[in-house]
Amino acid sequence: MTQPEKTSPARIPDPDIFLYDTLQRQKVRFEPTSPGRVGFYLCGPTVYSDAHLGHAKANVAFDVVRRTFEHFGYSVRFVSNITDVGHLQNDSDDGEDKLLARARLEQLEPMEVADKYFWSFSDDMRALNVKRPSINPRATGHVPEQIALIEELIARGHAYESAGSVYFDVRSWPEYGKLSGRRLDEQAEGTREAVREEKRDPRDFALWKRAESGHIMRWDSPWGTGFPGWHIECSAMSLKYLGEGFDIHGGGLDLQFPHHEAEIAQAEAAGHPFARYWMHNNMLTIGGEKMSKSKGNFTTIADILKRHDPAVVRFLLISSHYRSVTEMNEEAFAAAASGYARLTGTLQAIERALEEAPAGAADRQDEGLVAKIRTHVQAFEDAMRDDFNTPKAVAELFGLSSLMNTALNSGTVATAALEEGRRAFTELGGEVLGLFTQSETPNEDSAMLVETLMELVLQARQSYRLNKQYADADRLRDTLSSAGISIEDTKEGVRWKR
Ligand SMILES: Nc1ncnc2c1ncn2[C@@H]1O[C@H](COP(=O)(O)OP(=O)(O)OP(=O)(O)O)[C@@H](O)[C@H]1O
Ligand SMILES: [Zn+2]
C-alpha cells in the first residue's frame, strides 16, 4: 500500500478547512494524514450507459472540493473507480450484471460496453472541465486484490463461503451500520429467496458470486469460478492506492447504504483502518425525484451540452451547495445562463479595459478599489473553507462583478486594480470553481472558424457597399456590434475585433 506522492506542495497548506463528515454527523476541521497531502477516493460510474446530469452534479461537486484543496496548497491524489463488473440490477445480490445486460442488448462484448461508456463519460467530464482523476482504477483490473481481501475476511471469521459464493457475515461485525445509522432490522435487503437460503442472515452481502453457466465475466478463485460483488472493489482499490486510514471518501448520498457501509465493514473487519472522513453529495432531482439511470428519468450530459454551454451547466451545478438538492428545469438553466453571462461580461470588460488602457492608467493607484477586491477574495476563500460553500462563493463573485462594473463605468480604472480584479476572477472563478475556461479560451478550431466566418461577413459587407446597399451594410455592422464585434474601416482595409 502506498501513500500519496511525495512532491512538495506549492505553498504551506491552509490549516483551516472545515468539512461536513457524514460519519461524525458534523462539520469538522480537516486534518490530513500526511501534511500537505490529501488522499481522496470517489465512487465512480458503472459504465453501462451514458452519464446523466446526476453524475455531473456528483463529479463537479468533488472536482470543486479537489480544486479547493489545491488552491489552499494541498497536493491531492484523486482516485475514482470505474465499475465494470459485479454491479447487479437492483443494486442487490441477485439479478443480472448491469454491464452484461447491456452487452446483450447492444450485441457487444462486455469490455466493449465498458470502454464505450468509459470514454463517453471521460468526454463528458472533459467538456464540464472536471479534472482527470490521478488514478482511474477498474474493478476488472483488480480481481486479485479483491480476492486477497476476501480471503483476509474469511481468515478473521467475518465472511463465509456458501455454494460457491462468499458473503460478509454482518452479525460478526457490530459496527455495521455506523455510517448510515441504520438499525439492524432496517438493513435487510430485498434479496430473492434462493439467495437468502445461501446466507446466514438476510443482511449479509455478497463479496464473491459464483458464476452460473453462461455468465461471461468470470474469474478463477479459491471458491470456484465467479466474479466479485459490487462493494468489494472500492475497499480493495482505495486501500491499494491511498493506503490505510486515507483521508476522504466521497460519493452520492444514495450510496451511503448499503455500498459505503459495506466498504467500511470489508476494510475494517479485515484489519485495515478505512477513510477518516466521509463526504456525500445530495441528489440532482427532476420533478422532485432523483435522476437515475434505472428510473429512466434522466437527461444525458451529451444531450444537455447540445443545448447549453458546458460552462453554464457547470455554473448551474455549483450554484447550489453539494449537500443540497439541485432541482433541474428550464428556468434553472435560464437563470444560470444569465448569471454566468454577467460574470463573463465583467471579465471581458476588464480584459478590454486592460487592452485599451489609456496612457497613465498604469501609473495610477487605486488602493481603495484594490482593498475592496481583496475583501471579496477573502470572503470567497472563507466560504470555500467552510464546507465548500459554493453558493456563497458565487455570491462573492457577483459582488466582485458589481464592484468592477461600477468602477469601469465611472471612468479609467488603474491598471493595478484591473489586474487584481482579473486575477480574482481567473483564480477563484477559473481555477477553484472551474469556470470561464471554455468560453474565455476558445480552442484553435473555433478560433479558425471565427476567422473564416468573419472573412465571409466582411466580403458580404464590401459587396453591399459596392452596390450602394448602404442600409444592408449598416445592418450587418449593427448585428456584429450587438454580438460584441466591432469593425473599423482603415487605410489598410477593414479590421475587426471582439
Ligand atoms: N441524480 C443524482 N444526483 C447526484 N448524484 C448522482 C445522481 N445519480 C447518480 N449519482 C451519483 O453518481 C455515482 C454513480 O452512480 P450510478 O452509476 O449508480 O448512477 P445511477 O443513475 O444512480 O444508476 P442506477 O440508477 O443504475 O443505480 C454515485 O456516486 C451516485 O451517487
Ligand atoms: Zn464505491
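You'll find the protein entered in an unreviewed UniProt entry as Cysteine--tRNA ligase, with Deinococcus radiophilus given as the organism. Among the UniProt annotations of the protein, the heading Subunit (unreviewed entry) holds the following wording: "Monomer." Recorded in UniProt under Subcellular location (unreviewed entry), the annotation for the protein is "Cytoplasm".

Peer 1: Explain the sheet that holds strand 6 (residues 165-168) residue by residue, including any values.
Peer 2: If you walk across this open sheet you meet the 4 strands as 5-6-7-8, and the pairing is antiparallel. Of all strands in the sheet, those with a lone pairing partner are strand 5 (159-162) and strand 8 (226-228), marking the two edges. Ignoring which end each strand starts from, the neighbouring axes of this sheet average 20° apart. Here 3 bridges tie strand 6 to strand 7 (residues 205-210), and the two strands are oriented antiparallel to one another. By the bridge assignment for strand 7, Phe168 is matched with Phe205. In this fold helix 4 (residues 143-155) packs onto strand 5, strand 6, strand 7 and strand 8, with an angle of close to 120° to the strand it touches most, strand 7.

Peer 1: Lay out the coordination of the zinc ion (ligand 2) in plain terms, naming residues and giving numbers.
Peer 2: Distances from the zinc ion (ligand 2) to its protein donors, Cys43 (SG), Cys234 (SG), His259 (NE2) and Glu263 (OE), fall within 2.1 to 2.4 Å. Because the angles between the 4 donor atoms bound to the zinc ion (ligand 2) fall within 78 to 132°, the donor set is best described as irregular. You can call Glu263 buried: its relative accessible area is 0%.

Peer 1: An account of the nonpolar core is requested, with residue identities and associated values reported.
Peer 2: Among the nonpolar cores identified, the biggest contains 77 residues, and Phe69 and Leu433 are the most heavily contacted of them. Structurally, this core is a two-domain feature, drawing no fewer than three residues from each of domain 1 (18-281) and domain 2 (330-440). Excluding residues that lie within four positions of it along the chain, Leu433 makes contacts with Val64, Arg314, Ile318, Phe380, Met384, Thr390, Val394, Leu397 and Leu428. By size, the runner-up hydrophobic cluster in this structure holds 22 residues, among which are Phe168, Val170, Trp173 and Ile232.

Rules behind the numbers
- The residue numbering used here restarts from 1 in each chain and proceeds along that chain's sequence as written.
- Numbering of ligands from 1 and lettering of chains from A proceed in the order in which they are written.
- Side-chain atom pairs in this predicted model are given and counted only at pLDDT of 80 or more, local residue features only at pLDDT of at least 70, and totals for whole chains, interfaces and linings cover all residues.
- Values shown for side chains rest on all heavy atoms present in the structure; no hydrogens or waters enter the calculation.
- UniProt positions are given in the numbering used here, feature names are shortened, and annotations may be inferred rather than shown by experiment.
- Strand pairing follows a simple DSSP-based rule, namely that at least 2 bridges must link the two strands.
- Elements are defined by DSSP. Helices are runs of H or I of four residues or more, strands are runs of E of two residues or more, and each kind is numbered from the N terminus.
- Angles run from 0 to 180 degrees between N-to-C directions of axes, and those axes are lines fitted to C-alpha atoms, restricted for helices to the stretch in contact.
- Between two residues, a contact is recorded if the distance between any of their heavy atoms is within 4.5 Å.
- Distances up to 2.8 Å from the metal define which N, O and S atoms are donors, and 3.2 Å serves for Na, K and Ca; water is absent from the atom set, so sites may look incomplete.
- The geometry test gives tetrahedral to four donors whose angles all lie between 85 and 135 degrees, gives square planar to four donors and octahedral to six donors whose opposite members are over 155 degrees apart with all other angles between 65 and 115, and gives irregular to the rest.
- Summary of the burial criterion: residues with accessible area below 20% of their type's maximum are buried, those above 50% are exposed, and those between are partly exposed, where the area comes from a 1.4 Å probe applied to protein chains only.
- Throughout, nonpolar core names a set of buried Ala, Val, Leu, Ile, Met, Phe, Trp, Tyr and Cys residues whose side chains join them through atoms within 4.5 Å.
- Note: domain ranges come from an automatic or database domain assignment.

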